Amino acid sequence: MSQANLAEKKANELPGVHARTSTTKLCKAKAFAFKIALVALATFVSAYFVRRPFNGIPIDTLEDGADLCPQADELVPEKNGVIWESLGHTYSTEEFKARAVGWLGGAVRIPTETFDDMGDVTEPVWEKFLPLHDYLKESFPLLHSNLELTKVNTYGLLYVWKGSDSVLKPLLLAAHQDVVPVLEATIDEWQHPPFSGYFDGEKLWGRGSCDDKSGLIGIMSAIETMLESGFKPTRTVVIASSFDEEVSGSQGAPALATEMLERFGDNAFTMLVDEGFGYSEVYGRVIAVPGIGEKGYLNVQIKVTSPGGHSSLPPPRTSIGMLAELLSQYEKHPFEVHLTRGSPAYRNAQCMAQHAPGVSSSLKEHMSRAEHCDRALRAAEKELFENRGFMSLVGTTQAIDLVEGGVKVNALPEQAWAVVNHRISTESSIAATKVRDIKLLESLASDFNLSYTAFGTHISNADAPSYGTLALSDAFGDGWEPAPVTPYDQDAAPFRLLSGTIKATYNSHRNISGSDAVIVSPGIMSANTDTRSYWKLSDHIFRYGHLQGASGGLLSGVHTVDEAISADNFVEFIRFFTTLILNVDESSLP
């Protein structure tokens, strides 16, 4: 049987992983990966873009005339233009800003932290979501009287705003109710208490103000205000709100996906928008980055066993020593990474090379020729990969995150294990990642005379005598393949509609016009969102939240202390959802 066939067999989890540590470590890893993804564009740009005068001149094409990153025009609602203009005036008032702050502040003041090992939804600990549900019903009365609400798996919320034309595919908007925990030891570090929802006149402070209650409340605020204005949709709009996204989402989004598949069917939605990157200014150019894909992930446990005994009579290598050499093998041999034409990272590099002022002349030249010249592609790759953040977004990564072994200082360890977290490139797969890991450790397993099994299959001769064992397994049984990449070329109508909506939102909020005030570039999520459960619902999945990051893309305090959002940006977020719903409603999308 080939290595690929071995890897593709169904994995059986091997013993030795302590359940108490699993989701905690994964949650921390996810938080870190999310932050890395947010700063990747900034670090890439800061490494390769030289400060030069911008002078307000749009950079639309490269010197040879190549349009590497074509831009959609701003898309202002026409059929729904009157209500869009009217709501635009409403959103520009201080009265509405105060109302929006009140809506979001009230939600932030209801703690909905999710922790590891909270158990099934039947456990009382999950009842913390009930006050939030009551608050939503009280705060958005028109939404709850006009939309059909189904509670899925107790705490998942599925709202359906029925349109007049049932032939049209619905628009799906997603957001999660839960927030990451606030560490008790950090509470004193917050400028304002983390669940106060305090508004200082400029920013609203508190856990969830960005991630992701701003998304949920932003959607509901937009729909409530549209209902107050008498809007009735032609196209159905669906809201799917999970409750455990921050702890890998095993009970929320999967149950919602099942409900939607049963009710609407496969590929039933014209497009889906969930949380993701926003927009930020990088060297004089505002760039918005909708995520058109997500990397996969796989957690591999490496477990070594060997005979125990008294430490006064040690063998040449203990199980811990052998594990250390195996882990060193990982770090000596990172995955081979290449920039691939057509990948989200490649397209992002094209957009940066074309539109970001001050791009180095060498990278600009390489990217202008990379589409048809392998030598130019490799030259661009070499320059780009000098930045490890960008290289990590492109390729499959590995990080040794957990390790354990030994129980007593005078006892030889009978077992030792570690967990390696892989974030899998959009051009790779779980099977390919397993094949590589199996091969990587094969020679050391032989050198140490260890009986070698991987993902439930014997790699070495099962009957041969051995000193101990080496076993690779799925650490927590929760690996995910990379997400399908959403179409984003000039013929991809949903991507162009989203791009035009982003531009129209940005412009209208600032009372400007034109299509070059903000550049829209496709991007890649290195972390995972609820959309991983929604692949069957639409071919057009976007991870985008219209939130303004600081220079370089960081949102304020996400997953750490002092999470906050500016009131002005939250109103703009509401404007974004309004514009999106109106544009999709009148579009020619199926």
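About the criteria used
Residues numbered from 1 in each chain as written. Predicted model: local features only at pLDDT ≥ 70, side-chain atom pairs only at ≥ 80, totals over all residues. Heavy atoms only, no water. Helix = DSSP H or I, 4+ residues; strand = E, 2+ residues; numbered from the N terminus. Contact = heavy atoms within 4.5 Å. Areas by Shrake-Rupley, 256 points an atom, 1.4 Å probe, with all protein chains shown as cover. Buried < 20%, exposed > 50% of the residue type's maximum accessible area, 1.4 Å probe, protein only. Pairing = 2+ DSSP bridges. Axes fitted to C-alpha atoms, helices over the stretch in contact; angles between N-to-C directions. Core = buried A, V, L, I, M, F, W, Y, C linked by side-chain atoms within 4.5 Å. Disulfide = S-S within 2.5 Å. pLDDT = per-residue confidence, 0-100. Parallel < 35°, antiparallel > 145°, perpendicular 65-115°, else oblique. Nonpolar A, V, L, I, M, F, W, Y, C, P; charged D, E, K, R; others polar. Salt bridge = Lys/Arg side-chain N within 4 Å of Asp/Glu carboxyl O. Phe/Tyr/Trp six-rings, centres within 6.5 Å; stacked < 30°, edge-to-face > 60°. Lys NZ or Arg CZ within 6 Å of the ring centre and 35° of its normal.

1. Considerations on the overall build of the protein
Within the protein, the secondary structure is distributed over 16 helices and 18 strands. When contacts within the protein are restricted to residue pairs at least 6 apart in sequence, long-range pairs at least 24 apart make up 81% of them. When the accessible surface of the protein is summed, it comes to about 23,700 Å², and 52% of that surface belongs to carbon and sulfur atoms.

2. A few points about the pairing of strand β14 (residues 468–474)
Buried residues dominate β14, accounting for 6 of its 7 residues. As judged from the 5 bridges shared by strand β12 (residues 450–454) and β14, these two strands associate in the parallel manner. When the sheet's bridge partners are listed, S451 is paired in β14 with T469.

3. A word on the sheet that holds strand β10 (residues 397–405)
Backbone hydrogen bonds hold the strands of a sheet together, and the pairing may be parallel or antiparallel. Spatial strand order, β10-β11-β9-β14-β12-β13: 6 strands in an open sheet with mixed pairing. With one partner strand each, in any of the chains shown, β10 and β13 (457–458) form the two edges of the open sheet. Packing against the sheet, helix α9 (residues 319–332) makes contact with β9 (296–305), β10, β11 (415–424), β12 and β14, and its axis sits at approximately 15 degrees to β11. Those strands touched by helix α14 (residues 430–447) are β9, β10, β11, β12 and β14, and its axis lies near 175 degrees from that of β12.

4. Some words on the nonpolar core
By size, the foremost hydrophobic cluster in this structure holds 69 residues, and its most contacted members are L136, W161, L173, I223, M271, L580 and I581. Not counting residues within four places of it along the chain, the set of residues in contact with I581 comprises W161, L171, L173, I223, M226, F231 and V237. Residues A416, I438, L440 and A445 belong to the second largest nonpolar core, which totals 27 residues.

5. What about the state of the cysteines?
Tallying each qualifying case throughout the model produces 1 disulfide. The disulfide that involves C69 links it to C351, with 1.9 Å between the sulfurs. Linking C69 and C351, the disulfide has an S-S dihedral of approximately 80 degrees and is accordingly described as right-handed. One end of the pair, C69, is in the loop between α2 (19–48) and α3 (81–91); the other, C351, is in helix α10 (residues 344–355), with 282 residues separating them in the sequence.

6. Quick word on the confidence of the model for the protein
The predicted model of the protein has a mean per-residue pLDDT of 89, with 88% of residues at 70 or higher. The low-confidence segment residues 1–60, where pLDDT is below 50, has 135 contacts with residues more than four positions distant or belonging to other chains.

7. Here's the deal with unusual backbone geometry
Residues D211 and D212 are joined by a peptide bond in cis, for which omega reads 0 degrees. Positioned with a positive phi, N153 is a non-glycine residue whose angle comes to about 50 degrees. When you line up the elements, N153 lands in the loop between β1 (148–152) and β2 (156–161).

8. Structural notes on the side chain of H192
Along the chain, the position of H192 falls in the loop between β3 (171–176) and β4 (203–205). When neighbours within four sequence positions are excluded, H192 is seen to be in contact with Y198, W205 and D562.

9. Details of the packing of helix α4 (residues 94–108) against helix α16 (residues 567–586)
When two helices pack together, their arrangement is given by the angle between the helix axes and by the axis-to-axis distance. Interhelical geometry of α4 versus α16 gives an angle of 90 degrees and a closest axis separation of 10 Å. Judged on the interaxial angle alone, α16 and α4 are roughly perpendicular. Judged by residue contacts, F96, K97, A100, V101 and L104 of α4 engage A567, D568, F570, V571 and I574 from α16. Classifying every residue of the contact of α4 with α16 by side-chain character gives 8 nonpolar, no polar and 2 charged.

10. Structural notes on the pattern of salt bridges
In this structure the tally under the stated criterion is 14 salt bridges. Of the charged contacts in the structure, one is a salt bridge between K162 and E148, with a shortest N-O distance of 3.7 Å. Taken together, the residues K162 in the loop between β2 and β3 and E148 in strand β1 connect sequence positions 14 residues apart. When the shortest N-O distance is used, the salt bridge between D437 and R436 registers 3.1 Å. The burial state of D437 is the same as that of R436; both residues are buried.

11. Quick look at the environment of F577
Counting through the fold element by element, F577 comes out in helix α16. Each residue touching F577, except ones within four places of it in the same chain, is listed here: L173, G215, G218, I219 and A222.

12. Topic: the environment of L450
Mapped onto the elements, L450 comes out in strand β12. Residue L450 is classed as buried on the basis of its relative accessible area, which comes to 4%. Spatially, the C-alpha atoms of L450 and A471 are 9.3 Å apart, while their sequence positions differ by 21 residues. Aside from chain neighbours lying at most four places away, what touches L450 is V304, T305, M322, A445, S460, S466, G468, T469 and L470.

13. Considering the packing of aromatic side chains
Scanning the model with the defined rule gives 17 aromatic pairs in all. Centroid distance F129 to Y155: 6.1 Å. Interplanar angle 40 degrees. Geometry classified as tilted. Here F129 is found in helix α5 (residues 129–139), whereas its partner Y155 is found in the loop between β1 and β2, with 26 residues between them in sequence. As far as the burial class goes, F129 and Y155 line up, both buried. For the pair W161 and F231, a centre-to-centre distance of 5.8 Å together with 75 degrees between the ring planes defines the contact as edge-to-face. Of the two residues, W161 sits in strand β2 while F231 sits in the loop between α7 (213–228) and β5 (237–242), which places them 70 residues apart along the sequence. Ring pairs connect the aromatic residues Y91, F96, W103 and F140, which therefore count as one cluster. Its guanidinium or amino end placed over the ring of F335, R436 lies 3.9 Å from that ring's centre, counting from NZ or CZ.

14. Regarding the packing of α3 against α16
In the contact formed by α3 and α16, the axes pass within 11 Å of each other and the chain directions differ by 175 degrees. Classified by the angle their axes make, α3 and α16 are roughly antiparallel. In this structure, α3 uses I83, W84, L87, G88 and Y91 to contact α16, whose residues at the interface are V571, I574, R575, T578, T579 and L582. Within the contact of α3 with α16, the residues separate by chemical class into 7 nonpolar, 3 polar and 1 charged.

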